[in-house]
Amino acid sequence: MVNRILVGAHYGFGSWLAQRVTAAVMAVYSVLLLIVLLCVQPADYAAWHGVFNPEWMRMATMLFWLSLCYHAWIGVRDIIMDYVKPAAARLIAHVVVIVALIGCAGWALQILWRA
Amino acid sequence: MREGIETASISNAIPAHLCIGAIIPSLLTLTAAMAQTPTRPKRSAPWYNISPANLPLPGLVSIFHRVSGLGLFVMLWLLLWLFDRSLVSAEGYAWAKGVLGGGFVKLIMTGLLWAFLHHFCAGIRFLLLDMHVGIELAAARHSSTIVFVVSLVLTVILGAILIW
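Cut-off values and rules
- Residues numbered from 1 in each chain as written.
- Chains lettered and ligands numbered in written order.
- Predicted model: local features only at pLDDT ≥ 70, side-chain atom pairs only at ≥ 80, totals over all residues.
- Heavy atoms only, no water.
- Helix = DSSP H or I, 4+ residues; strand = E, 2+ residues; numbered from the N terminus.
- Buried < 20%, exposed > 50% of the residue type's maximum accessible area, 1.4 Å probe, protein only.
- Contact = heavy atoms within 4.5 Å.
- Areas by Shrake-Rupley, 256 points an atom, 1.4 Å probe, with all protein chains shown as cover.
- Phe/Tyr/Trp six-rings, centres within 6.5 Å; stacked < 30°, edge-to-face > 60°.
- Core = buried A, V, L, I, M, F, W, Y, C linked by side-chain atoms within 4.5 Å.
- Buried area = accessible area lost by both parts, 1.4 Å probe.
- Salt bridge = Lys/Arg side-chain N within 4 Å of Asp/Glu carboxyl O.
- Polar contact = N/O pair within 3.5 Å; in protein donor to acceptor, adjacent residues only side chain to side chain.
- Axes fitted to C-alpha atoms, helices over the stretch in contact; angles between N-to-C directions.
- Parallel < 35°, antiparallel > 145°, perpendicular 65-115°, else oblique.
- pLDDT = per-residue confidence, 0-100.

Peer 1: If you had to explain the overall build of chain A to someone new, which residues and values would you point to?
Peer 2: The helix and strand tally for chain A stands at four helices and zero strands. Counting from the amino terminus, chain A carries its helices and strands in the arrangement α-α-α-α. By residue count, 34% of the 115 residues in chain A fall in the buried class. When contacts within chain A are restricted to residue pairs at least 6 apart in sequence, long-range pairs at least 24 apart make up 68% of them. For chain A, the exposed surface amounts to about 7,200 Å²; the carbon and sulfur share of it is 73%.

Peer 1: So what's going on with the packing of aromatic side chains? Residues and values would help.
Peer 2: Under the criterion given, the structure shown has twelve aromatic pairs over all chains. Judged by centre distance (5.6 Å) and plane angle (85°), the ring pair of B:Phe64 and B:Phe148 falls under edge-to-face. Residue B:Phe64 is found in helix 3 (residues 57-74), and its partner B:Phe148 is found in helix 7 (residues 137-163); the two are separated by 84 residues along the sequence. A relative accessible area of 30% places B:Phe64 in the partly exposed class. Residue B:Phe148 is classed as buried on the basis of its relative accessible area of 15%. Aromatic rings pair up to connect A:Tyr29, A:Trp48, A:Phe52, A:Phe64, A:Trp65 and B:Phe83 into one cluster.

Peer 1: Quick rundown of the nonpolar core? Include the residues and the values.
Peer 2: The nonpolar side chains of a soluble globular protein tend to be buried, and buried together. Counting residues in hydrophobic clusters, the biggest one holds 31 residues, and the most contacted among them are A:Phe52, A:Trp65 and B:Phe83. Breaking this core down by element, the ones donating at least two residues are helix 1 (11-40), helix 2 (45-51), helix 3 (55-83) and helix 4 (87-113) of chain A together with helix 4 (76-88) of chain B. With ten residues, helix 3 of chain A is the single largest residue contributor to this core. Residues contacting B:Phe83, with those up to four places away along its chain left out, are A:Trp48, A:Phe52, A:Thr61, A:Trp65, A:Ile111 and A:Leu112. In terms of nonpolar packing, the next biggest core, distinct from the first, is built from twelve residues, B:Leu82, B:Val105, B:Leu112 and B:Leu117 among them.

Peer 1: Explain the interface of chain A and chain B residue by residue, including any values.
Peer 2: Listed per partner, the contact involves 32 residues of chain A and 26 residues of chain B. Summed over both partners, the interface of chain A with chain B comes to about 2,500 Å²; 75% of that surface belongs to carbon and sulfur atoms. Counting the surface chain A buries against chain B, the share from its top three residues, A:Tyr45, A:Trp65 and A:Trp107, is 23%. Taken together, the links from chain A to chain B amount to three salt bridges. Seen at the junction of chain A and chain B, the total is eight residue pairs in polar contact (both at pLDDT 80 or more). Those elements that place two or more of their residues in the side of chain A that touches chain B are helix 1, helix 2, helix 3 and helix 4 of chain A.

Peer 1: How would you sum up the packing of helix 4 of chain B against helix 5 (residues 90-101) of chain B? Please name residues and give values.
Peer 2: Angle between the axes and distance between the axes are the two parameters that describe a pair of packed helices. Residues and elements named next belong to chain B. Orientation of helix 4 relative to helix 5, taken along the N-to-C sense of each, is 140°, at an axis distance of 5 Å. If you check the angle between helix 4 and helix 5, you find them oblique. Residue-level contacts link Trp81, Leu82, Arg85, Ser86 and Val88 of helix 4 to Gly92, Tyr93, Trp95, Ala96, Val99 and Leu100 of helix 5.

Peer 1: Outline the pattern of salt bridges, listing residues and values.
Peer 2: Think of it this way: side chains of opposite charge can pair up when their charged atoms draw near. A full pass over the atoms with the stated rule returns five salt bridges over all chains. For B:Arg66, the salt bridge is made with A:Asp82, and the minimal N-O distance between the two is 2.8 Å. Pair noted here: B:Arg66 is in helix 3 and A:Asp82 is in helix 3, and the two residues belong to different chains. What you see here is one network of salt bridges that share partners, running through A:Arg114, B:Asp84 and B:Arg85.

Peer 1: Requested: an account of the confidence of the model for chain B, with residues and values cited.
Peer 2: Residues shown with low pLDDT carry predicted positions that ought not to be read at fine detail. Looking at chain B, the pLDDT average stands at 82 and 70% of residues meet or exceed 70. This model gives residues 1-12 of chain B a pLDDT under 50, and the stretch forms zero contacts once residues within four places in sequence are excluded.

Peer 1: So what about the side chain of B:Ser151? Which residues, and what values?
Peer 2: All names here are of chain B. Note on placement: serine 151 falls in helix 7. The class for serine 151 is buried, based on a relative accessible area of 0%. In this structure the side chain of serine 151 is engaged in a polar contact, spanning 2.8 Å, whose partner is the backbone oxygen of valine 147. Of note is the side chain of serine 151, whose polar atom sits 3.1 Å from the backbone oxygen of phenylalanine 148. Excluding residues within four positions of it along the chain, serine 151 makes contact with Trp114, Leu117, His118, Cys121 and Ile146.

So, in structure tokens, the structure goes:
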């Protein structure tokens, strides 16, 4: 009997775990934001700006957007791997998604901490 | 009698079907038989048809999870843009409010809200399945129904409060 142990480098497990951790972060933040919005009911710019002004809210919102970008990378990467077979097209799609998501992450940080 | 046996054993030392003269014709027969063997027709097994119309409810939850996730990714720029403008200044806030007041944009936002809520509910279901909660067939189908119903009901309620 040949005792072969068929395991990879566990990259897949890392992605699987990251997808779930980022999902949990976003889920908690979404519920938190909904509660805040329903309590504050911001009706003008000052109130809306005030929601995201506290440092803890900026940190929480930053965690949300960064989690979203990482989560979206894993999800869209999986979709591309499933449906885009030609190597060139897959490479281009991956590059476009990576650039778009890094751009979105940077944009979100800029929105939260610009003067 | 004894000689007869020896003669028989000598002639049987190389079995007739292994003689070169016999092998070639039998090989030809075999090849011909293989060539005539029809290739197995493609069977339409129940699991072969993966059209969404043929999926059981858990399969629909799964494909909707994927589609809603892709939709949210594709429309991410719009959400970030509105978030950006709404926080940059009072004028930006007014602009974003004006954009969100349009009927077409409201329709898009309702679609995105539904995509988000379905993704949210289905995601929680997947997390529970990962923890081996509700993995029996009946329970899994039941939770799929819950995902569709809850996400639709929440879309109506939150859409009425936040969008319309």
